[in-house]
Amino acid sequence: MKFFIDSANLNEIREAASLGILDGVTTNPSLIAKESNVNFKEHILKICEILNWEGASVSAEVVATDYEGMLREGRDLAKIHPNVYVKLPMTKAGLQGTHTLSKEGIRINQTLIFNATQALMSAKAGSTFVSPFIGRLDDIGHEGMGLVGEIREIFDNYGFNTQILAASIRHPLHVIESARLGADIATMPFKVIEQLLKHPLTDIGLANFLKDWEKVKQ
Ligand code: G3P
């Protein structure tokens, strides 16, 4: 299972990369807007320079909502670095954009997926990743995780190569359930990455070891 960080903050991305668990980064316009005074394309390049190994993935999202605009922005973003994946929203124009850009060899992360038909349409059009938004479904009283299972079943039924990128992850249980249900990737905020490696018994155990060690006269 691949782990992505859902952040545009360079310090968080560097720290997550230092843990040796990071396979990619997802950004979106809201995450970019949180970083003050950044030039979008230069910022994406800086992220790519942190994740500069072959096979790493950095998702950068278009803001155009029309087909031609999405093509223009998508081609432009894909030129920034070989590790850039272009994020297109799951709209009619976004689906047309996926169809056209994927045929040009540009890898598409189809974002804002909220049901299985959207995921199926996106995979048929040629996306590399589909991003179901788990937390935002939970927010409105739908079980987001159920969607990951549905998409997994459908993709397996027909042998689609499109990868399931569980997004809008809010806590460690979302990561565990995504892994159990066979999501290929989970993208999560830095806070969740930190939560994944912690356990109170680890901290208590370490504190006790160090306390006992003080008794050892060396
Ligand atoms: O990157 C898209 C997605 O992960 C957003 O998450 O927490 O804003 O719903 P959230």
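One can find the structure itself at the top, above this paragraph.
This is a predicted model, so every value here is computed, not measured.

The rules we used
- Residues numbered from 1 in each chain as written.
- Predicted model: local features only at pLDDT ≥ 70, side-chain atom pairs only at ≥ 80, totals over all residues.
- Heavy atoms only, no water.
- Helix = DSSP H or I, 4+ residues; strand = E, 2+ residues; numbered from the N terminus.
- Buried < 20%, exposed > 50% of the residue type's maximum accessible area, 1.4 Å probe, protein only.
- Contact = heavy atoms within 4.5 Å.
- Areas by Shrake-Rupley, 256 points an atom, 1.4 Å probe, with all protein chains shown as cover.
- Lys, Arg positive; Asp, Glu negative; His and termini not counted.
- Charge placed at Lys NZ, Arg CZ, Asp CG, Glu CD.
- Near = heavy atom within 4 Å.
- Polar contact = N/O pair within 3.5 Å; in protein donor to acceptor, adjacent residues only side chain to side chain.
- 1 Å grid on protein atoms, 1.4 Å probe; cavity = no way out; pocket = protein on both sides within 12 Å on 5 of 7 lines; lining within 4 Å.
- Sits in = over half its atoms within 2 Å of the grid points.
- Nonpolar A, V, L, I, M, F, W, Y, C, P; charged D, E, K, R; others polar.

Undergrad: What is the right way to read the overall build of the protein chain from this model?
TA: Secondary structure assignment for the protein chain yields eleven helices and eight strands. Structurally, the protein chain occupies a C-alpha span of about 75 × 40 × 30 Å along its principal axes. Evaluated residue by residue, the protein chain yields a buried proportion of 46% over its 218 residues. Of the contacts made within the protein chain by residues no fewer than 6 positions apart, 55% connect residues no fewer than 24 positions apart. For the protein chain, the exposed area adds up to about 11600 Å²; of that, 54% sits on carbon and sulfur atoms. Counting 22 positive and 26 negative side-chain charges, the protein chain places the centres of these two groups 2 Å from one another.

Undergrad: Would you mind showing me how to read the site of the ligand here?
TA: Around the ligand, a shell composed of Asp6, Asn28, Lys87, Phe133, Arg136, Ala167, Ser168 and Arg170 is seen. Within the side chain of Lys87, one N or O atom sits 3.4 Å away from an oxygen atom of the ligand. In the complex, 83% of the free accessible area of the ligand, which totals 310 Å², lies under the protein chains. With respect to the pocket detection grid, the ligand is positioned in the largest pocket. Here the shell around the ligand is composed, by residue class, of two nonpolar, two polar and four charged.

By themselves, these observations are geometric and do not establish any function.
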